[in-house]
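Here is how the chains run, residue by residue.
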Amino acid sequence: MKENMSIMVVDDEMIIRESFSHWFEKSGHKVSTAASGFEALDKLKEYPFDLLFVDIKMPGMDGIEFLEIVKKEYPDTFVVIITAYGSIESSVKAMKLGASDYLLKPFKPEQLNLVLEKVAQQKKLTGEIDYLKGCLDTMTRFDNIIGQSKAMVDIFELIPEVAESEASVLITGETGTGKELIAKAIHAKSKRNAHPFIAINCGAIPDSLLESELFGHQKGAFTGADHARKGFLEVVSGGTLFLDEIGEISTKMQVNLLRVLEEKKITQLGGREPIDVDFRLISATRRNLEQDIKQRNFREDFYYRINVITIEVPPLRKRKPDIPLLVEHFVKKYSRETAKRIDRVTDSAMELLNNFEWPGNIRELENAIERAVVLSKSRTLDRKDFSFIRSAPVEPEKTVSLSEMEKEFIRQALEQNEWNITRTSKVLGLHRVTLQKKVKRLNLRKSG
Amino acid sequence: MATKKFMIGVVPVGDTPVFVAKATAAHISGYLNLPTEILPALDTPSFAYDEKRLQYNAGIIIKTYEALEFGCEKVVALLDIDLFIPLFTHVFGEAKLGGKCALASIFRLKMERDGSCPAPSLVYERAAKVALHELGHLFKLRHCEDNRCLMHFSGDLEQLDRTPIYFCRYCNRFFKDALVDNSDSSFNS
């Protein structure tokens, strides 16, 4: 099946451009022309061309110079050099720089067809290689974690070591930092990798349901239990159980899990017989569990049981060197998924992405790239494609005292209510006299 | 001069024998079922002669002929000169998609690669193939991937001889549709 290509002819001679245009139109290809390298580069920014026919001798920027830029900025675009001034040197140089072929004007009509067939074949092969690379990326899960910062390199070195042991792992880090990917990498590198990896977000499941999900139930154990069901602790047998947001589970569930971790046995809801279970636990949290222990929201004995090894995943703002790599990875991923050809991200856009604080971490960055790729009309992502992230920079982390927070909170409430004490006290749920005392004590004064 | 609906004009140019024009017209009538008319011969287009290449520029000839009033919907000019377009060393024929005038030259059709002369009947058949192929372009047909179709591109005589003188069923369909479109626009004009 013939594939129609989008072709641009770059030649300063109008007659040549016209000749090419008419010829390619007759062959069903989409063709555009440019009278100079500069005009062609402008067109390339707007539209992805499959193949360029480029004259070597052009005023301003010659074909070889243009070829160098194209191969650097749009490496997937095929270039065929055409010239009436053919020489061995220029053809060798063009081929070394990545030209797909070289034609001397005038050429036989069938030569042009052969070149088109050759490029179509190369394009098909490139597409197949990209597809297979994508498949390989998905399969090699460990390689899905991207980073070159010291913090991430340390984690990469830690993963194989941790994977070898059977100890429980606690992964800490802000939301969106890729905790589950690290858990998957540990599983993939461990001896348990032939068995299931089951991830459960404890924060998303009510406690009563979580118990039934983890332990399973017998028929009639509770209203709606129409049939017996195995819990994840049993199903995961031999594999790895990943409990995300472990800080969200109740103390009762912590006790239940602690017993399971110690005895390696479970009893289904409504059941009597203990069942042997074999799994490795990896937990993750974005909370400060030590703080929770102090506040008696989290059991200390359970904490030490799940936290034999701790891996702390830094937030994206503390691993800025990883941003360009992540951007490149996500651009490739979404270009492939959306079948849009995005070749690069401009320096200006990369500067914006580097300077942004990314409170939602990698997940937020990934969403931003996906949105930019989907909405972009050119093959280059520029600063304007990320205009939606400009307005939400995050303040640098600053430790404030409780009284400072209270003062700021009351000041904002007063300003919103035009310093009307009665109204503000109602909003804050305080007695007006109490508010008056606080205003005096905190030395709050109406500005201006 | 009033335009004759669907009449295909065949114009011998310069030294082109009239019987080549007659044979081509017969092929057009026979294979495309369209009425044809042999038009008065034109002089050799010396205005299109390129002294550097010692050939005739097909683009210039088409541009000049398209400005002429032949009284036919589409015209095929048959020439006996070596045609070129700036890109290529030579062309057997030339036409623009949807244009009014196509060129077909017998210059390179009447001599084999080894210098021998083919039988006249083969030359007529080759000329008819080139003329019908270019006529297809005038009806907006593009090159076809099927090498058993007249619209398949032929770069040399061997390929041309292997190409049949009829369209594949897809190109035939496109041709008929184009004919209907042309008919509508003719009636509307």
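Analysis parameters
- Residues numbered from 1 in each chain as written.
- Chains lettered and ligands numbered in written order.
- Predicted model: local features only at pLDDT ≥ 70, side-chain atom pairs only at ≥ 80, totals over all residues.
- Heavy atoms only, no water.
- Helix = DSSP H or I, 4+ residues; strand = E, 2+ residues; numbered from the N terminus.
- Rg over C-alpha atoms; globule rule 2.2 N^0.38 Å.
- Buried < 20%, exposed > 50% of the residue type's maximum accessible area, 1.4 Å probe, protein only.
- Contact = heavy atoms within 4.5 Å.
- Areas by Shrake-Rupley, 256 points an atom, 1.4 Å probe, with all protein chains shown as cover.
- Lys, Arg positive; Asp, Glu negative; His and termini not counted.
- Charge placed at Lys NZ, Arg CZ, Asp CG, Glu CD.
- Pairing = 2+ DSSP bridges.
- Axes fitted to C-alpha atoms, helices over the stretch in contact; angles between N-to-C directions.
- Phe/Tyr/Trp six-rings, centres within 6.5 Å; stacked < 30°, edge-to-face > 60°.
- Lys NZ or Arg CZ within 6 Å of the ring centre and 35° of its normal.
- Parallel < 35°, antiparallel > 145°, perpendicular 65-115°, else oblique.
- Left-handed = near helix turned anticlockwise from the far one by under 90°.
- Nonpolar A, V, L, I, M, F, W, Y, C, P; charged D, E, K, R; others polar.
- Patch = residues over 30% accessible without salt bridge, like charges linked within 9 Å, V, L, I, M, F, W, Y side chains within 5 Å.
- Salt bridge = Lys/Arg side-chain N within 4 Å of Asp/Glu carboxyl O.
- Core = buried A, V, L, I, M, F, W, Y, C linked by side-chain atoms within 4.5 Å.
- Polar contact = N/O pair within 3.5 Å; in protein donor to acceptor, adjacent residues only side chain to side chain.

### Here we look at the overall build of chain B
And step 1. Scanning chain B from terminus to terminus reveals 5 helices and 8 strands.
And step 2. When the helices and strands of chain B are listed from N to C terminus, the series reads β-α-β-β-β-α-β-β-β-β-α-α-α.
And step 3. For chain B, the C-alpha radius of gyration of 16 Å lies close to 16 Å, the compact-globule estimate for 189 residues.
And step 4. A principal-axis box enclosing the C-alpha atoms of chain B has dimensions of 50 × 35 × 30 Å.
And step 5. In chain B, which comprises 189 residues, the proportion classed as buried is 53%.
And step 6. Long-range pairs, those at least 24 residues apart, make up 69% of the contacts in chain B with a sequence separation of at least 6.
And step 7. Accessible surface for chain B amounts to roughly 9000 Å². Of this, 54% is attributable to carbon and sulfur atoms.
And step 8. Taking the average location of the 21 positive side-chain charges in chain B and that of its 23 negative ones, the two points are 4 Å from each other.

### Regarding the sheet that holds strand E14 (residues 309–312) of chain A
All names here are of chain A.
And step 1. Pairing in this open sheet of 5 strands is parallel, and the strands run E7-E10-E13-E6-E14 from one edge to the other. Edge strands, defined here as strands with exactly one partner in the open sheet, are strand E7 (197–201) and E14. Direction aside, neighbouring strands of the sheet carry axes that sit 20° apart on average.
And step 2. Both strand E6 (residues 169–172) and strand E13 (residues 280–285) contribute to a ladder of 4 bridges, which runs parallel. Bridged to Ile-171 within E13 is Ala-284.
And step 3. Contacts between helix H6 (residues 150–164) and the sheet are confined to E6, E13 and E14, with E14 contributing the most and set at about 155° to the helix.

### Thoughts on the pairing of strand E8 (residues 101–105) of chain B
Residues and elements named next belong to chain B.
And step 1. Taking burial as the measure, the 5 residues of E8 include 5 buried ones, the bulk of the element.
And step 2. Here E8 shows a buried face lined by Cys-101, Leu-103 and Ser-105 and a second buried face lined by Ala-102 and Ala-104.
And step 3. Looking at chain direction, strand E5 (residues 72–79) and E8 are connected through 5 bridges and run parallel. Note that in E8 the partner of Val-75 across the bridge is Cys-101.
And step 4. Between the antiparallel neighbours strand E7 (residues 93–94) and E8 lie 6 residues, among them Gly-98 with a positive phi of about 75°.

### Things to note about the pairing of E6(A)
Residue and element names in this part refer to chain A.
And step 1. The side-chain alternation of E6 yields two buried faces, one formed by Val-169 and Ile-171 and the other by Leu-170 and Thr-172.
And step 2. In the sheet, E6 pairs with E14 via 4 bridges, with the strands oriented parallel. What sits directly across from Leu-170, in E14, is Thr-310.

### Thoughts on the environment of B:Leu34
Residues and elements named next belong to chain B.
And step 1. Secondary-structure assignment places Leu-34 in the loop between helix H1 (18–32) and strand E2 (36–38).
And step 2. Classification of Leu-34 by relative accessible area gives buried; the value is 6%.
And step 3. In sequence terms Leu-34 and Phe-107 are 73 residues apart; their C-alpha atoms lie 26 Å from each other.
And step 4. In this structure, Leu-34 is in contact with Phe-6, Ile-8, Ile-28, Ser-29, Phe-175 and Leu-179, ignoring residues within four places of it in sequence.

### Things to note about the sheet that holds strand E4 (residues 78–83) of chain A
All names here are of chain A.
And step 1. Pairing is parallel across the open sheet formed by 5 strands, whose spatial order is E2-E1-E3-E4-E5. Every other strand in the sheet has two partners, leaving strand E2 (30–34) and strand E5 (101–104) as the edge strands with one partner each. Averaged over all adjacent pairs, the angle separating strand axes in this sheet is 20°, with direction ignored.
And step 2. Taken together, the 4 bridges between strand E1 (residues 6–10) and strand E3 (residues 51–55) define a ladder with parallel strand orientation.

### With respect to the packing of aromatic side chains
And step 1. Taken as a whole and judged by the stated rule, the model has 17 aromatic pairs over all chains.
And step 2. Each member of the aromatic cluster is reached from another via a ring pair, and the members are A:Phe20, A:Trp23, A:Phe24, A:Phe53, A:Phe107, B:Phe88 and B:Phe153.
And step 3. The residue whose ring lies beneath A:Lys264 is A:Phe279, and the NZ or CZ to ring-centre distance is 5.5 Å.

### Here we look at the packing of helix H8 (residues 207–215) of chain A against helix H10 (residues 251–263) of chain A
All names here are of chain A.
And step 1. Where H8 contacts H10, the two axes come as close as 10 Å, and the packing angle between them is 15°. As far as their axial angle goes, H10 and H8 are roughly parallel. The handedness of the crossing between H8 and H10 is left-handed. Between H8, through Asp-207, Leu-210, Glu-211, Leu-214 and Phe-215, and H10, the contact on the second element is made entirely by Lys-252, Met-253, Asn-256, Leu-257 and Val-260.
And step 2. A breakdown of the residues in the contact of H8 with H10 according to their chemical character gives 6 nonpolar, 1 polar and 3 charged.

### Some thoughts on a nonpolar patch on the surface
And step 1. Nonpolar side chains collect at one region of the surface, where A:Val400, A:Leu402 and A:Met405 lie side by side and expose about 320 Å² of accessible area between them.
And step 2. As for its position among the elements, A:Met405 is in helix H16 (residues 402–416).

### Structural notes on the pattern of salt bridges
And step 1. Going through the model one piece at a time under the given rule, you end up with 36 salt bridges over all chains.
And step 2. The residue A:Arg299 makes a salt bridge to A:Asp301 at a minimum N-O spacing of 2.8 Å.
And step 3. Accessibility expressed as a relative area gives 32% for A:Arg299, which makes it partly exposed.
And step 4. Judged by its relative accessible area of 35%, A:Asp301 falls in the partly exposed class.
And step 5. With a closest N to O distance of 2.7 Å, B:Lys110 and B:Asp80 form a salt bridge. Taken as a pair, B:Lys110 in the loop between E8 and helix H3 (120–138) and B:Asp80 in the loop between E5 and strand E6 (83–84) lie far apart in primary sequence, 30 residues in all.
And step 6. For B:Lys110, a relative accessible area of 32% corresponds to the partly exposed category.

### Quick look at the nonpolar core
A general feature of soluble globular proteins is that nonpolar side chains tend to end up buried together.
And step 1. Ranked by size, the top nonpolar core spans 42 residues in total, and within it A:Phe20, A:Phe53 and B:Leu103 carry the most contacts.
And step 2. Ignoring any residue separated from it by four or fewer positions in sequence, one finds A:Phe53 in contact with A:Ile7, A:Met8, A:Val9, A:Val10, A:Phe20, A:Phe24, A:Val80, A:Ile82, A:Leu103, A:Leu112, A:Val115 and A:Leu116.
And step 3. Grouped together as the second largest cluster of nonpolar side chains are 38 residues, B:Val10, B:Ala95, B:Val130 and B:Ala131 included.

### Here's the deal with the environment of B:Thr36
Residues and elements named next belong to chain B.
And step 1. In this fold, Thr-36 is placed in strand E2.
And step 2. For the pair Thr-36 and Ser-121, spaced 85 residues apart in sequence, the C-alpha separation works out to 20 Å.
And step 3. With residues near it in sequence (within four places) discarded, Thr-36 still touches Met-7, Ile-8, Ala-25, Ile-28 and Ser-29.
And step 4. A polar atom in the side chain of Thr-36 sits 3.4 Å from the backbone oxygen of Ala-25.

### Some words on the side chain of A:Ser212
Residue and element names in this part refer to chain A.
And step 1. Secondary-structure assignment places Ser-212 in helix H8.
And step 2. Here Ser-212 falls in the buried class, since its relative accessible area comes to 8%.
And step 3. When sequence neighbours within four positions are dropped, the list of residues in contact with Ser-212 reads His-217, Phe-222, Gly-231 and Leu-269.

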